[in-house]
Amino acid sequence: GTAALLYAMPDARPALAPLLEAMRAEPWAGSIVTGDALDEHGFGPDEALVAAIDTAHTERPNAHGVPGERWMIEDGEGTPAIGCGHHGGLGPQETRPFLLIDHPSIAAGRIADTTCLIDIAPTLLDFLGAGRSGMDGRSLLR
């Protein structure tokens, strides 16, 4: 995908500091979030989490003329398939989600409110009539 999380056991963390600095200098590294900044980006407390890596992006159009290209991170299980969903990063294409529901029970319309990525799950659960207690976000169907 276009992002990765880096985990390490406590005794291995000191060895990662120079590697993180070297990674920041790589052309594929957009940003590497560590320390208290992880909380600011919504990562809950996790003692093993060292860094969130967001790959670099450009506004250069892709082969289909759509602006925005990203570096991709492989997990070692094969080359990522182009044209399918991937773990998102902090770029504009990943942080501006949209949701379409096409169903006879829902009238055509548009919601122009400010929404958030965490609104998708409560909306889908609301559509399916499933409970959603304790979730962040809100249903866009209400």
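The structure under discussion appears in the preceding block.
A brief structural summary. Quantities reported herein were computed from a predicted structural model and do not represent experimental measurements.

Okay, the overall build of the chain next. For the chain, the helix and strand inventory stands at four helices and five strands. Reading the helices (α) and strands (β) of the chain from amino to carboxyl end gives β-α-β-α-β-β-β-α-α. Taking all 142 residues of the chain together, 21% fall into the buried category. Of all intrachain contacts in the chain linking residues separated by at least 6 positions in sequence, the fraction that spans at least 24 positions is 45%. Split by element, the accessible area of the chain, about 10,100 Å² in all, is 58% carbon and sulfur.

A few words on the pattern of salt bridges. The final tally for this structure, using the stated rule, is one salt bridge. Taking the shortest distance from any N to any O, the salt bridge between R24 and E21 comes out at 2.8 Å. Residue R24 and its partner E21 are both found in helix α1 (residues 13-24); the two are separated by three residues, about one turn of the helix. Its relative accessible area of 34% is what places R24 among the partly exposed residues.

The terminal C-alpha atoms of α1 lie 17 Å apart, and with twelve residues this matches the ideal 16 Å at 1.5 Å per residue to within 8%. Buried residues of α1: L16, L20 and M23, and no others. Buried residues of α1, viewed axially, fall in a sector of 60 degrees; they line one side. Counted as exposed and oriented over 90 degrees from the buried face of α1: P14, A15 and P18.

Parameters at a glance
- Residues numbered from 1 in each chain as written.
- Predicted model: local features only at pLDDT ≥ 70, side-chain atom pairs only at ≥ 80, totals over all residues.
- Heavy atoms only, no water.
- Helix = DSSP H or I, 4+ residues; strand = E, 2+ residues; numbered from the N terminus.
- Buried < 20%, exposed > 50% of the residue type's maximum accessible area, 1.4 Å probe, protein only.
- Contact = heavy atoms within 4.5 Å.
- Areas by Shrake-Rupley, 256 points an atom, 1.4 Å probe, with all protein chains shown as cover.
- Salt bridge = Lys/Arg side-chain N within 4 Å of Asp/Glu carboxyl O.
- Expected span 1.5 Å × (residues − 1).
- Arc of directions from axis to C-beta.

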